[in-house]
Amino acid sequence: DIVVPDLPVLFIAINPATGSAKSGHPFATSTNLFWRLLHESGLTPRLYRPEEALRLPEDGLGLVSLVDRPTKAAAELRTSELRAGARRLAVKVRRWHTQTIGLLGLTLLPFVLPHVDEPGPGFKRATFGGARVFVLPYPSGPIRTYPGSAGKVRWYRELAVLCGRTPADART
């Protein structure tokens, strides 16, 4: 976990990919756009490399996984693991006084907010552990619903604006 008290944004990943777990760094696979999306959206002032993940709190960001077990595909996770992960996450969010959680993938929504009917990406009216909830498209490049960086960055920019950050294209 990469988390400190009072983070403006705590990103919630589903679980580590096997390639990232082997490298020891989050979002280290070549098809994952996480670091690029953070920068292009204005959430970070520079482009991070996966091995710099521990520096995220310097920019008011954190990162945890709902489930710690690495898998090749998130579909390999059991429902019981995801539910247990959501219970642990609620404790972390309350304990660390996180302001906003950014769910990295729409598949997390039914586990984090199971009784809320607000589908799709974006800001949710419901809170989780006292934090605002913002759902983002999963940052992997091959996701067809939100293809490539262009299909995803809009949502990351919305989160940046919600958190008072200036989107990258407005800084130049």
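The structure under discussion appears in the preceding block.
Rules used in this analysis
- Residues numbered from 1 in each chain as written.
- Predicted model: local features only at pLDDT ≥ 70, side-chain atom pairs only at ≥ 80, totals over all residues.
- Heavy atoms only, no water.
- Helix = DSSP H or I, 4+ residues; strand = E, 2+ residues; numbered from the N terminus.
- Buried < 20%, exposed > 50% of the residue type's maximum accessible area, 1.4 Å probe, protein only.
- Salt bridge = Lys/Arg side-chain N within 4 Å of Asp/Glu carboxyl O.
- 1 Å grid on protein atoms, 1.4 Å probe; cavity = no way out; pocket = protein on both sides within 12 Å on 5 of 7 lines; lining within 4 Å.
- Points joined across faces, edges and corners; volume = space filled by probe spheres on them.
- Nonpolar A, V, L, I, M, F, W, Y, C, P; charged D, E, K, R; others polar.
- Axes fitted to C-alpha atoms, helices over the stretch in contact; angles between N-to-C directions.
- Parallel < 35°, antiparallel > 145°, perpendicular 65-115°, else oblique.
- Left-handed = near helix turned anticlockwise from the far one by under 90°.
- Contact = heavy atoms within 4.5 Å.

## Topic: unusual backbone geometry
Then step 1. With a phi angle near 50°, Phe 27 is a residue other than glycine that sits in the positive phi range.
Then step 2. The residue Phe 27 is located in the loop between α1 (18–23) and α2 (34–41) in this model.
Then step 3. With a relative accessible area of 8%, Phe 27 lands in the buried category.
Then step 4. At His 97, a position not held by glycine, the phi torsion is positive, near 55°.
Then step 5. Mapped onto the elements of the fold, His 97 is located in the loop between α3 (79–96) and β3 (100–104).
Then step 6. Given the relative accessible area of 52%, His 97 is considered exposed.

## Describing the pattern of salt bridges
Then step 1. Inspection of the entire model under this criterion finds 10 salt bridges.
Then step 2. A salt bridge links Lys 92 to Asp 1, with the nearest nitrogen and oxygen atoms 2.6 Å apart. One end of the pair, Lys 92, is in helix α3; the other, Asp 1, is in the segment before β1 (9–13), with 91 residues separating them in the sequence.
Then step 3. Look at Asp 1 and you get exposed, because its relative accessible area is 56%.
Then step 4. Linking Arg 69 and Glu 81 is a salt bridge whose minimum nitrogen-to-oxygen distance equals 2.8 Å. Of this pair, Arg 69 sits in the loop between β2 (61–65) and α3 while Glu 81 sits in helix α3, and the two are 12 residues apart along the sequence.
Then step 5. Take Arg 69: its relative accessible area is 32%, and that puts it in the partly exposed class.
Then step 6. The buried category is assigned to Glu 81, whose relative accessible area is 12%.
Then step 7. Here the salt bridges share partners, and the residues they tie into one network are Arg 46, Arg 49, Glu 51 and Glu 52.

## As for empty space enclosed by the protein
Then step 1. On inspection of all chains with the given rule, the structure shows one cavity of 30 Å³ or more.
Then step 2. What the largest cavity holds in volume is close to 50 Å³.
Then step 3. The wall of the largest cavity is formed by Val 64, Ser 65, Leu 66, Val 67, Asp 68, Gly 85, Arg 88, Leu 89 and Lys 92.
Then step 4. If you list the elements that add at least two residues to the lining of the largest cavity, you get β2 and α3.
Then step 5. Broken down by element, the residue count for the lining of the largest cavity peaks at four residues, all from α3.
Then step 6. Within the lining of the largest cavity, the residues separate by chemical class into four nonpolar, two polar and three charged.

## A short note on the packing of α2 against helix α5 (residues 153–162)
The description of two packed helices rests on the angle between their axes and on the distance between the axes.
Then step 1. Running from amino to carboxyl end, α2 crosses α5 at an angle of 55°, the nearest separation of the two axes being 8 Å. The angle between the axes of α2 and α5 places the two elements in the oblique class. Remark: the crossing between α2 and α5 carries right-handed chirality. Together, Leu 37, Glu 40 and Ser 41 of α2 and Val 153, Tyr 156, Arg 157 and Ala 160 of α5 make up the contact between the two elements.

Don't take any of this as a statement about function, it's just geometry.
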